[in-house]
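Listed below are the residues making up each chain.
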Amino acid sequence: MSNIDEQTDVGDVFQEDTLMVFPTDTVYGLGGNARDESVVSRIYRVKQRSEDKPLTLHLFSTNDISKYALDISEKQKSLIDRLLPGPYTIILPANADAPEVSVSREKKVGIRVPDSNSFRHLEENVDFPLVGTSVNKSGEPPMTDFEKIVQEFGGIVDLFIESEEELSGESSTVLDLTYDPPKVIRGSFSLEDLED
């Protein structure tokens with residue numbers, strides 16, 4: 001187990017089969033390499049989450065969304081540019097390159113682009129799709145206290161990365177952009193929220 005902050009060289013302890021707790025702009029994420037079956041199975045086991053529930057893709061830039069989503073319309077792109085990076089999970093049609101673990105039965109993929117420098121610092125060590133879910137046991141509120149997270153999952157998770165930025169403490173708002181207007185799956189949202 002490694003417990004580091006962003007002053008530490010993540011590359012010294014990070015491996016492709018690492019299960020980690022990582023910072024976002026909302027709550028801490030539990031995740032790792034979407035292409036590594038052992039990582040994926042450990043995420044579900046630690047989370048006590050049903051394996052029929054997809055894991056969210058966490059990307060470092062909105063430019064990467066087209067790598068995993070199919071036929072993004074100009075209207076969707078405009079909305080994405082206004083929402084992300086930020087505290088939203090967007091749902092789009094998945095393309096063939098989207099990791100299987102992040103694709104729903106409806107062939108949709110959930111994507112996050114956190115507005116967090118601490119999260120973006122991971123990019124130089126991640127050359128694979130990163131999937132994650134909130135740090136908590138399924139059905140319980142997301143955990144926001146880093147020390148408590150380390151205490152509870154210290155013998156299970158390989159790597160803990162603490163944020164130097166304040167997290168909102170509230171889960172991301174989930175918006176299905178395959179609907180027009182977008183369908184709110186979690187949280188509250190109105191297009192008026194984006195108006196200046």
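Quantities reported herein were computed from a predicted structural model and do not represent experimental measurements.

J.: Before we go on, may I ask you to explain the packing of aromatic side chains in this structure?
T.: The geometry of an aromatic ring pair is captured by two quantities: the separation of the ring centres and the angle between the planes. Per the counting criterion, the structure on display carries four aromatic pairs. Measuring from ring centre to ring centre gives 5.3 Å for tyrosine 28 and phenylalanine 146, while their planes differ by 45°; the resulting arrangement is tilted. Of this pair, tyrosine 28 sits in the loop between strand S2 (20–22) and strand S3 (29–33) while phenylalanine 146 sits in helix H4 (residues 146–153), and the two are 118 residues apart along the sequence. Both residues of the pair, tyrosine 28 and phenylalanine 146, count as buried. Through successive ring pairs, a cluster of aromatic residues spans Phe22, Phe60 and Phe119.

J.: I'm lost on the layout of surface pockets in this one. Help?
T.: Any empty space left between the atoms is revealed when a probe the size of a water molecule rolls over them. Empty space within the largest pocket amounts to approximately 840 Å³. Forming the walls of the largest pocket are 37 residues, and the residues nearest its centre are Arg49, Pro54, Thr56, Val174 and Arg186. A breakdown of the residues in the lining of the largest pocket according to their chemical character gives 10 nonpolar, 17 polar and 10 charged.

J.: What am I meant to see in the pairing of strand S5 (residues 88–93) here?
T.: The side chains of a regular strand alternate, residue by residue, between the two faces of the sheet. With respect to burial, S5 is a largely interior element, five of its six residues being buried. With four bridges joining them, S5 and strand S9 (residues 173–176) adopt parallel strand pairing. Residue pairing in the sheet places isoleucine 91 in a bridge with aspartate 176 of S9.

J.: Hey, could you run me through the environment of glutamate 166 in this one?
T.: Along the chain, glutamate 166 falls in the loop between strand S8 (159–161) and S9. Placed 50 residues apart in sequence, glutamate 166 and serine 116 show a C-alpha to C-alpha distance of 9.3 Å.

J.: Looking at this structure, how should I read the pattern of salt bridges?
T.: Opposite charge on two side chains permits them to pair, given that their charged atoms come into close proximity. For the structure shown, the criterion picks out nine salt bridges. A salt bridge links aspartate 25 to arginine 112, with the nearest nitrogen and oxygen atoms 2.7 Å apart. Note that aspartate 25 is positioned in the loop between S2 and S3 and arginine 112 in strand S6 (residues 108–112), a separation of 87 residues in sequence. We classify aspartate 25 as buried; its relative accessible area is 12%. Ionic pairing is found between lysine 77 and aspartate 81, a salt bridge with its closest N-O pair at 3.2 Å. You can see lysine 77 and its partner aspartate 81 sitting in helix H2 (residues 74–83), four residues apart, about one turn around the helix.

J.: Mind showing me how you'd approach the side chain of arginine 112 here?
T.: Judged by its relative accessible area of 5%, arginine 112 falls in the buried class. A polar side-chain atom of arginine 112 sits 3.1 Å from a polar atom in the side chain of threonine 26. Beyond its immediate stretch of four places on either side in the chain, arginine 112 contacts Thr24, Asp25, Thr26, Thr56, Leu57, His58, Leu59, Gly86, Pro87, Tyr88, Thr89 and Ser172.

J.: Is there a simple way to think about unusual backbone geometry in this case?
T.: For residues other than glycine, phi is negative in most cases, and the peptide bonds are mostly trans. Geometrically, the link from leucine 84 to proline 85 is a cis peptide bond, its omega value of -5° lying close to zero. For proline 85, the position within the fold is in the loop between H2 and S5. Aspartate 180 connects to proline 181 through a cis peptide bond whose omega is 0°. In this structure, proline 181 sits in the loop between S9 and strand S10 (183–186). We note that aspartate 71 has phi near 50°; this positive angle belongs to a residue other than glycine. Checked against the element boundaries, aspartate 71 lands in the loop between strand S4 (56–58) and H2. When its relative accessible area of 67% is taken as the criterion, aspartate 71 is described as exposed. For lysine 107, which is not glycine, the phi torsion reads 65° and is therefore positive. Tracing the backbone shows lysine 107 in the loop between S5 and S6.

Rules of the game
- Residues numbered from 1 in each chain as written.
- Predicted model: local features only at pLDDT ≥ 70, side-chain atom pairs only at ≥ 80, totals over all residues.
- Heavy atoms only, no water.
- Phe/Tyr/Trp six-rings, centres within 6.5 Å; stacked < 30°, edge-to-face > 60°.
- Helix = DSSP H or I, 4+ residues; strand = E, 2+ residues; numbered from the N terminus.
- Buried < 20%, exposed > 50% of the residue type's maximum accessible area, 1.4 Å probe, protein only.
- 1 Å grid on protein atoms, 1.4 Å probe; cavity = no way out; pocket = protein on both sides within 12 Å on 5 of 7 lines; lining within 4 Å.
- Points joined across faces, edges and corners; volume = space filled by probe spheres on them.
- Nonpolar A, V, L, I, M, F, W, Y, C, P; charged D, E, K, R; others polar.
- Pairing = 2+ DSSP bridges.
- Salt bridge = Lys/Arg side-chain N within 4 Å of Asp/Glu carboxyl O.
- Polar contact = N/O pair within 3.5 Å; in protein donor to acceptor, adjacent residues only side chain to side chain.
- Contact = heavy atoms within 4.5 Å.

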